[in-house]
Amino acid sequence: EVQLVESGGGVVKPGGSLRLSCEVSEFTFSNAWMGWVRHVPGRGLEWVGRIKSLLDGKTTDYAAPVKGRFTISRDDSKNTLYLQMNSLKPEDTAVYYCTTERFRSPHYFGYWGQGTLVTVSS
Amino acid sequence: DIQMTQSPSSLSASVGDRVTITCRASQNITDYLNWYQQRPGKAPKLLIYATSSLQSGVPSRFSGSGSGTDFALAISSLQPEDFATYFCQQSSRTPWTFGQGTKVEVK
């Protein structure tokens, strides 16, 4: 059974940093496009960004609200995805989900982790 | 960015009812529309991709239709486990965007 397990969430002050991890098992991680989606209270689901596979250049794409502050990376030797979040704002408070993204059209999020809560508050 | 608008925001229904949720895109997305179900405290789960293709393991009482800008998710006979929130998502162009969700509650 495919499993995505996030960790690293917590409470952080505005302006602070946090790094989320997502360990993936029973899935061909190295060939997968991976990403992050967050569930913001009162705003629903928001796409954060993605990283393509090594074969596709490990290219990253980000949503406008996080571009320049968040960085997605991957370690294929550890089957692990990362989300480095800097300059955090209260509006980044959300449950963050790690997802797989189908690499060719039609794109969709096939597998999701259980989520990790990030709270940005003074 | 492509805006996705779902209606209604919530609905009350009984077991056995037929339920329809609609999703409208702010521009033509052809058939690049996915549906997800989220039960309380759980991760979203893919139900339908490319408008009408049922994800493996999803019951056949779920169906999707539409094209262009107007889409619908139908549940033919609501079951107890279907009380949840449903989200549409466009995969026509990035940034991928979601509808605000439709909560299906017990009547």
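Preceding this paragraph is the structure being described.
My aim in this report is to walk through the structure given alongside it, one point at a time. These figures come from a predicted structure and were not determined experimentally. (Residues numbered from 1 in each chain as written. Chains lettered and ligands numbered in written order. Predicted model: local features only at pLDDT ≥ 70, side-chain atom pairs only at ≥ 80, totals over all residues. Heavy atoms only, no water.)

Digging into the overall build of chain A
In terms of helices and strands, chain A carries zero helices and eleven strands. Taken over C-alpha atoms, the radius of gyration comes to 14 Å for chain A, in line with the 14 Å a tight globule of 122 residues would show. Expressed along its principal axes, the backbone C-alpha trace of chain A runs to roughly 40 × 25 × 25 Å. Sorting the 122 residues of chain A into buried and exposed places 52% on the buried side. Carbon and sulfur atoms make up 49% of the accessible area of chain A, which amounts to about 5600 Å² in all. (Helix = DSSP H or I, 4+ residues; strand = E, 2+ residues; numbered from the N terminus. Rg over C-alpha atoms; globule rule 2.2 N^0.38 Å. Buried < 20%, exposed > 50% of the residue type's maximum accessible area, 1.4 Å probe, protein only. Areas by Shrake-Rupley, 256 points an atom, 1.4 Å probe, with all protein chains shown as cover.)

Describing the sheet that holds strand E8 (residues 70–75) of chain B
Working definition: the strands of a sheet are paired by backbone hydrogen bonds and lie parallel or antiparallel to each other. Residues and elements named next belong to chain B. The strand order across the open sheet built from four strands is E1-E3-E8-E7, with neighbouring strands paired in antiparallel fashion. This sheet does not close on itself; its edge strands, each paired only once, are strand E1 (4–7) and strand E7 (62–67). Between one strand and the next, the sheet's axes are offset by a mean angle of 20°, whatever the strand orientation. Sheet analysis places strand E3 (residues 19–25) next to E8, joined by six bridges and oriented antiparallel. Counterpart to cysteine 23 in the pairing with E8 is phenylalanine 71. (Pairing = 2+ DSSP bridges. Axes fitted to C-alpha atoms, helices over the stretch in contact; angles between N-to-C directions.)

Side note on the interface of chain B and chain A
On the chain A side, the residues contacting the 17 residues of chain B number 18 residues. Area buried by chain B at its contact with chain A is led by Pro44, Trp96 and Phe98 of chain B, which between them contribute 36% of it. Counting every contact that joins chain B to chain A gives zero salt bridges. Between chain B and chain A we count seven residue pairs in polar contact (both at pLDDT 80 or more) in total. For the side of chain B that touches chain A, the elements supplying multiple residues, two or more each, are strand E4 (33–38), strand E5 (45–49) and strand E9 (85–90) of chain B. Per element, the largest residue contribution to the side of chain B that touches chain A is three residues, and it comes from E4 of chain B. For the side of chain B that touches chain A, a count of residues per class yields eleven nonpolar, five polar and one charged. (Contact = heavy atoms within 4.5 Å. Buried area = accessible area lost by both parts, 1.4 Å probe. Salt bridge = Lys/Arg side-chain N within 4 Å of Asp/Glu carboxyl O. Polar contact = N/O pair within 3.5 Å; in protein donor to acceptor, adjacent residues only side chain to side chain. Nonpolar A, V, L, I, M, F, W, Y, C, P; charged D, E, K, R; others polar.)

Some thoughts on the environment of glycine 57 of chain B
Within the fold, glycine 57 of chain B resides in the loop between strand E6 (53–54) and E7. Along the chain, glycine 57 of chain B and leucine 47 of chain B lie ten residues apart, while their C-alpha atoms are 8.8 Å from each other.

Looking at the state of the cysteines
By definition, a disulfide links the sulfur atoms of two cysteine residues through a covalent bond. Residue and element names in this part refer to chain A. According to the stated counting rule, one finds two disulfides over all chains in the structure shown. With a sulfur-sulfur separation of 2.1 Å, cysteine 22 is cross-linked through a disulfide to cysteine 98. Taking the sign of the torsion about the S-S bond as the criterion, the disulfide between cysteine 22 and cysteine 98, at about -70°, is left-handed. Of this pair, cysteine 22 sits in strand E3 (residues 18–25) while cysteine 98 sits in strand E9 (residues 94–101); the two residues are 76 residues apart in sequence, bridging distant segments of the chain. Among the residues examined, cysteine 22 registers a relative accessible area of 0% and is labelled buried. (Disulfide = S-S within 2.5 Å.)

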